Amino acid sequence: MQNQAASLTPKLKTRIWANPYPEDRRFLAGIFSHMPNGIANRISAEWERRYSAQGRFKSNQYVMDVRDDLLPELFPETGLPFHATDGEIADAAERAVKNLRGRLKANVSEDDLFAMLRRAARRHQIEIPHCKSIGGTLSRMLDEAWWRRALRKRFRKVEHAAIKAGCVHRRAAPYISNEAFTRHQSHQRKTKALLENLEAINESTGETFTLEELRERSPANPSIRRVQMFVGFRGLEEYSKELGFKGVFVTITCPSRMHARHEKSGDPNKNYDETSPRQAQVYLGRLWNSATSKLARVGIKTGQEFFGLRTVEPHHDGTPHWHMLAFVSPAHEETFVATLREYALKDSPNEPGASERRFTVVRIDPKKGSAAGYIAKYVSKNTDGHGVGEDFEAEGGASENAPRVVVWSRLWGIRQFQFFGVGTLSPFRELHRLDSVPEALESLIGDLFNAAKNTDFAAYIRAREAQQAKLSLFYEDEPSKRYPGEQTRKLRGLSVIGDAGPVPITTRPDNWSIRVRQKPDEGFPWTCINNSAPVDLKREFLLDVGLKNRPNRLRDGGSENWSGKGGRGVAQSREPLPNSGPSL
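Residues numbered from 1 in each chain as written. Predicted model: local features only at pLDDT ≥ 70, side-chain atom pairs only at ≥ 80, totals over all residues. Heavy atoms only, no water.

> Sorry if this is basic, but what is going on with the packing of helix H12 (residues 222–243) against helix H16 (residues 371–381) here?
Axes are the key here: two packed helices are described by the angle between their axes and the distance separating the axes. Packing of H12 against H16 leaves a shortest axis separation of 10 Å and a crossing angle of 160 degrees. Classed by the angle they form, the pair H12 and H16 counts as roughly antiparallel. Crossing hand, H12 versus H16: right-handed. Where H12 abuts H16, its residues Arg226, Met229, Phe230, Phe233, Arg234 and Glu237 lie against Ala371, Ala372, Ile375, Ala376, Val379 and Ser380. When grouped by side-chain class, the residues that make up the contact of H12 with H16 number 8 nonpolar, 1 polar and 3 charged. (Axes fitted to C-alpha atoms, helices over the stretch in contact; angles between N-to-C directions. Helix = DSSP H or I, 4+ residues; strand = E, 2+ residues; numbered from the N terminus. Parallel < 35°, antiparallel > 145°, perpendicular 65-115°, else oblique. Left-handed = near helix turned anticlockwise from the far one by under 90°. Contact = heavy atoms within 4.5 Å. Nonpolar A, V, L, I, M, F, W, Y, C, P; charged D, E, K, R; others polar.)

Here it is in structure tokens:
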């Protein structure tokens, strides 16, 4: 007992010693002494609250459940613990690769090799890569970048355990655990330093930019991402007015059983069935698919009778909910709303507050404001918090909490924004990259091109419907530089489908190479960076944020040094570039 007590903080000791039962004190000290102080403080505070409200038996049962069900996930005997840092993830990835290389033997059978790889994956509690060949599986498990991604993905399970343990809610940490947020911020700082020390060189013109400069000019910049979304739904609203459609703003929330905590108090929800945020998102997706399928069966089809934008954001405890701005044909507005309500309330329809809270709808009155104004708040809140003010969900500034929302979406693999009923927006972005269209295609896609160049999405939809032009993305296959013997797809442009068949248009003609920034008076060594796969980094679709007309800057070599340690810095550069935002 004395050895255990020595590892406890004064706050924990005070809580434990307030218990009048010696056997309880030994029991609690034995559990809390194996936790990091931050986690132990949260669990002990919850135990103390339950002790006062529910008595000795139920409060101790809660701690036993944490010990038996959650501690193995939060602090596994193998694999990374809940509070692992991003540096520890990188070190674990490096050790895993070294260990595998040391175990490889000549002339080993495929069955024995696969068994060894499966044991390594199981030891680190990750999923083995699913490839067409054992060679593809081996190549990935000998790649540190693959291991880093796999280990970070493992933290979904750990984060779910943190939610169940009470580490994620408005009174503890909103949207995402502090450990997950800190880990992501550390990763972002390392990524920023890496990108500042790498250059992209146009192999045709010699133009040079740091990768960090290019990232700031891409949708990875939250401000640019927000403006792109604004352009999209402003275009939808304008086009809907031409059709005479009505705007409706719908919010759909998951049943109570999927929420770990109560909204205002942050207290545990006794009905919580341990649904994870990703599982809740799957539920919402199926709900939407079922509702739209029923609408299609009665002739109310997506894209013809309704279209719009869907956003996803978390409640304070990490459970997702949907906001949708839909433009609907007046003849079908009531059926559209009634059908969504029907499916939103199919699960647990009689629970308290279901009809008032689980499904809400606001019919847009143009006299009181634009439809875009209803959705703009939610787009800003989930990108950079610009212009929102206070975040009432998490009790703080929206600009302060927006990064936590972004980390939440990335950790759980949840797409924050998605247009529906207007097709993919990627052709719109690719047309924007062109300087002109081939004369032979002018009559077919000329109006589409002009609309894209003017970033007028309403005109683009109008021209697409009028000309019945079909655009798809055009890819080229090329050998993978990371995984020998495999092919990778590279986006090159658009394919215009007309009467004579598909005609390719190249929107990304340039090849770019990546290298470590040059030191003064030094050449470039032959490394995996300047020998990497060429990339195309032609001007991004920047819209009207003041960067579109920014001139390209030529550079004759940087003066900053590469900050990696020995050869490890070069190896780390194989990590994929950061996510550049959702595909519009």
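> Explain unusual backbone geometry here, please?
Glycine aside, residues mostly have negative phi, and peptide bonds are mostly found in the trans state. A positive phi angle, near 70 degrees, is found at glutamate 274, a position not held by glycine. The partly exposed category is assigned to glutamate 274, whose relative accessible area is 43%. In this structure, threonine 455 is a non-glycine residue whose phi angle is positive, near 50 degrees. For threonine 455, a relative accessible area of 17% corresponds to the buried category. (Buried < 20%, exposed > 50% of the residue type's maximum accessible area, 1.4 Å probe, protein only.)

> Looking at this structure, how should I read helix H19 (residues 442–453)?
Helical periodicity: at 3.6 residues per turn, an α-helix aligns residues three or four positions apart in one direction. Over its 12 residues, H19 runs only 14 Å from end to end, short of the ideal 16 Å by more than 12%, given 1.5 Å per residue. Those residues of H19 lying buried are Ile445, Gly446, Leu448, Phe449, Ala451 and Ala452. On its buried side, H19 packs onto helix H18 (426–433), helix H20 (457–467), strand S10 (470–479), strand S11 (487–498) and strand S12 (501–506). Backbone geometry just after H19 places threonine 455 at a positive phi near 50 degrees. (Expected span 1.5 Å × (residues − 1).)

> I'm lost on the pairing of strand S3 (residues 246–253) in this one. Help?
Two faces make up the sheet, and in a regular strand the side chains alternate between them. Where burial is concerned, most of S3 is hidden: 7 out of the 8 residues are buried. Direction of pairing for S3 relative to strand S5 (residues 320–328): antiparallel, over a ladder of 8 bridges. Looking at S5, one finds that valine 250 is bridged to methionine 324. Alignment of S3 against strand S6 (residues 359–363), held across 5 bridges, turns out to be antiparallel. For phenylalanine 249, the partnering residue across the bridge sits in S6 and is valine 362. (Pairing = 2+ DSSP bridges.)

> How should I be thinking about the packing of H12 against H20 in this particular structure?
The contact between H12 and H20 brings their axes to 7 Å, and the two run at 55 degrees. By the angle class used here, H12 and H20 are oblique. Of the residues in H20, those in contact with Val231, Gly232, Gly235, Leu236, Glu238, Tyr239 and Glu242 of H12 are Phe457, Ala458, Ile461, Arg462 and Glu465.

> For this particular structure, what's the right way to read the packing of aromatic side chains?
We describe a pair of aromatic rings using the distance from one ring centre to the other and the angle between the two ring planes. Counted by the stated rule, this structure contains 15 aromatic pairs. When the centroid spacing of 5.9 Å and the interplanar angle of 45 degrees are considered together, the rings of phenylalanine 307 and phenylalanine 327 count as tilted. Placement of the pair is phenylalanine 307 in strand S4 (residues 306–314) and phenylalanine 327 in strand S5, with a sequence separation of 20 residues. For the pair phenylalanine 307 and phenylalanine 327, one class covers both residues: buried. The interplanar angle of 65 degrees and the centroid separation of 5.3 Å between the aromatic rings of phenylalanine 428 and phenylalanine 457 together place this pair among those described as edge-to-face. (Phe/Tyr/Trp six-rings, centres within 6.5 Å; stacked < 30°, edge-to-face > 60°.)

> Just checking my understanding: could you explain the nonpolar core for this structure?
As a rule of thumb, soluble globular proteins bury nonpolar side chains together. In terms of nonpolar packing, the biggest core is built from 45 residues, with Phe32, Met35, Leu117, Met141 and Trp147 touching the most fellow members. If you list the elements that add at least two residues to this core, you get helix H2 (10–17), helix H3 (22–32), helix H4 (37–54), helix H5 (56–74), helix H6 (86–103), helix H7 (110–123), helix H8 (134–141) and helix H9 (144–164). For this core, the element with the highest residue contribution is H9, accounting for 7 residues. Setting aside residues up to four positions removed in sequence, leucine 117 forms contacts with Leu100, Ile128, Ile134, Thr137, Leu138 and Met141. The next biggest cluster of nonpolar side chains, apart from the first, holds 41 residues, and it includes Phe327, Phe449, Ala452 and Phe457. (Core = buried A, V, L, I, M, F, W, Y, C linked by side-chain atoms within 4.5 Å.)

> Help me out: how do you make sense of the confidence of the model for the protein in this one?
Regions with low pLDDT carry predicted coordinates that are not meant to be interpreted in detail. Chain-level statistics for the protein give a pLDDT mean of 80 and a share of 82% at 70 or above. When mean pLDDT is taken per element in the protein, helix H13 (residues 277–297) scores highest with 97 and helix H21 (residues 568–572) scores lowest with 33. When the criterion is pLDDT under 50, residues 1–6 qualifies, and its contacts beyond four places in sequence or with other chains add up to 10 contacts. Overall, residues 521–584 carries pLDDT values under 50, and its contacts beyond four positions in sequence, including any with other chains, amount to 156 contacts. (pLDDT = per-residue confidence, 0-100.)

> Would you take a moment to explain the sheet that holds S10 for this structure?
Where strands meet in a sheet, backbone hydrogen bonds hold them as pairs that are either parallel or antiparallel. Read across the sheet, 3 strands follow the order S10-S11-S12 without closing on themselves; strand pairing throughout is antiparallel. With one partner strand each, in any of the chains shown, S10 and S12 form the two edges of the open sheet. When strand polarity is set aside, the average angle formed by the axes of neighbouring strands in this sheet is 45 degrees. In this structure, S11 lies alongside S12, joined through 6 bridges in antiparallel fashion. Each bridged residue has a counterpart across the sheet, and for glycine 493 the counterpart in S12 is threonine 506.

> What exactly am I supposed to notice about H8 here?
With 6 of 8 residues buried, H8 lies mostly within the body of the structure. Within H8, burial applies to Ile134, Gly136, Thr137, Leu138, Arg140 and Met141. If you follow the buried residues of H8, they end up packed against H6, H7 and H9.

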